[in-house]
Amino acid sequence: MDTQLLERRNTVRAKIDIPVVEEFQAKEQEVVANNISEHGMQYSRPLSSEQCQGKEVFLTFSLLDRLKPIKALGWVVEEKEKEDHYETHVTFMFLPTKDEEIIRDFIISQKR
């Protein structure tokens, strides 16, 4: 897993390269997460995908080789069309505190 810390806004983000299952309008596809914070995620989606800006998505992913994946409801706040993919920015909604802590611990572990 490729990781690097990014600091933007008021939240520390970790640069990552992990698979994520995105569910949008009852369709699932595997996408690739590029960075994460305890408040959201940015990932790449194929251009053949339906655009989902301003809509809800369900995301399932694992960090730190955890057996139980995190399942998050997200709101797509921005989606940019790049040369060969969409760059999708999601804010997590109603993420359980324990999952926020897992993500925070993951980000802290990347500082070491």
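No experiment lies behind these values; they were computed from the predicted model shown.

Definitions and limits used
Residues numbered from 1 in each chain as written. Predicted model: local features only at pLDDT ≥ 70, side-chain atom pairs only at ≥ 80, totals over all residues. Heavy atoms only, no water. Helix = DSSP H or I, 4+ residues; strand = E, 2+ residues; numbered from the N terminus. Rg over C-alpha atoms; globule rule 2.2 N^0.38 Å. Buried < 20%, exposed > 50% of the residue type's maximum accessible area, 1.4 Å probe, protein only. Pairing = 2+ DSSP bridges. Expected span 1.5 Å × (residues − 1). Arc of directions from axis to C-beta. Salt bridge = Lys/Arg side-chain N within 4 Å of Asp/Glu carboxyl O. Polar contact = N/O pair within 3.5 Å; in protein donor to acceptor, adjacent residues only side chain to side chain. pLDDT = per-residue confidence, 0-100. Contact = heavy atoms within 4.5 Å.

## Considerations on the overall build of the protein
Part 1 of the argument: Counting its secondary structure elements, the protein contains one helix and seven strands.
Part 2 of the argument: For the protein, the succession of helices and strands along the chain, N to C, is β-β-β-β-β-β-β-α.
Part 3 of the argument: Since a compact globule built from 112 residues should have a radius of gyration of about 13 Å, the 13 Å found for the protein is in line with a globular shape.
Part 4 of the argument: For the protein, the spread of C-alpha atoms along the principal axes amounts to about 40 × 25 × 25 Å.

## Concerning the pairing of strand 5 (residues 56-61)
Part 1 of the argument: Only one face of strand 5 is buried: it carries Val 57, Leu 59 and Phe 61, and the other face, with Glu 56, Phe 58 and Thr 60, is open.
Part 2 of the argument: With six bridges joining them, strand 5 and strand 6 (residues 70-81) adopt antiparallel strand pairing. Residue pairing across strands places Val 57 opposite Gly 74, the latter belonging to strand 6.

## Some remarks on helix 1 (residues 97-111)
Part 1 of the argument: Spanning 15 residues, helix 1 covers 21 Å between terminal C-alpha atoms, matching the ideal 21 Å at 1.5 Å per step.
Part 2 of the argument: Among all positions of helix 1, only Asp 99, Ile 102, Ile 103, Phe 106 and Ile 107 are buried. One side of helix 1 holds all its buried residues, which, seen down the axis, span an arc of 130°. Away from its buried face by more than 90 degrees, helix 1 exposes Thr 97 and Lys 111.

## Details of the pattern of salt bridges
Part 1 of the argument: Scanning the model with the defined rule gives six salt bridges in all.
Part 2 of the argument: Asp 99 serves as the salt-bridge partner of Lys 98, at 3.6 Å between the closest nitrogen and oxygen.
Part 3 of the argument: Members of the salt-bridge network, linked through shared partners, are Glu 22, Arg 45 and Glu 79.

## What to know about the side chain of Asn 35
Part 1 of the argument: Examined against the element boundaries, Asn 35 turns out to sit in strand 3 (residues 27-36).
Part 2 of the argument: A distance of 3.3 Å separates a polar atom in the side chain of Asn 35 from a polar atom in the side chain of Arg 13.

## Points about the confidence of the model for the protein
Part 1 of the argument: Of all residues in the protein, 90% attain a pLDDT of 70 or more, and the chain-wide mean is 89.
Part 2 of the argument: Below pLDDT 50 for its whole length, residues 1-8 participates in 27 contacts with residues either more than four positions away or in separate chains.

## A look at the pairing of strand 4 (residues 40-46)
Part 1 of the argument: Burial runs high along strand 4: six of the seven residues are buried.
Part 2 of the argument: Of the pairings in the sheet, the one linking strand 3 to strand 4 comprises four bridges and is antiparallel in character. Pairing of Ala 33 across the sheet is with Tyr 43, part of strand 4.
Part 3 of the argument: In this structure, the hairpin formed by strand 3 and strand 4 is closed by a connection of three residues.
Part 4 of the argument: Here strand 4 runs beside strand 7 (residues 85-93); their pairing, made up of seven bridges, is antiparallel.

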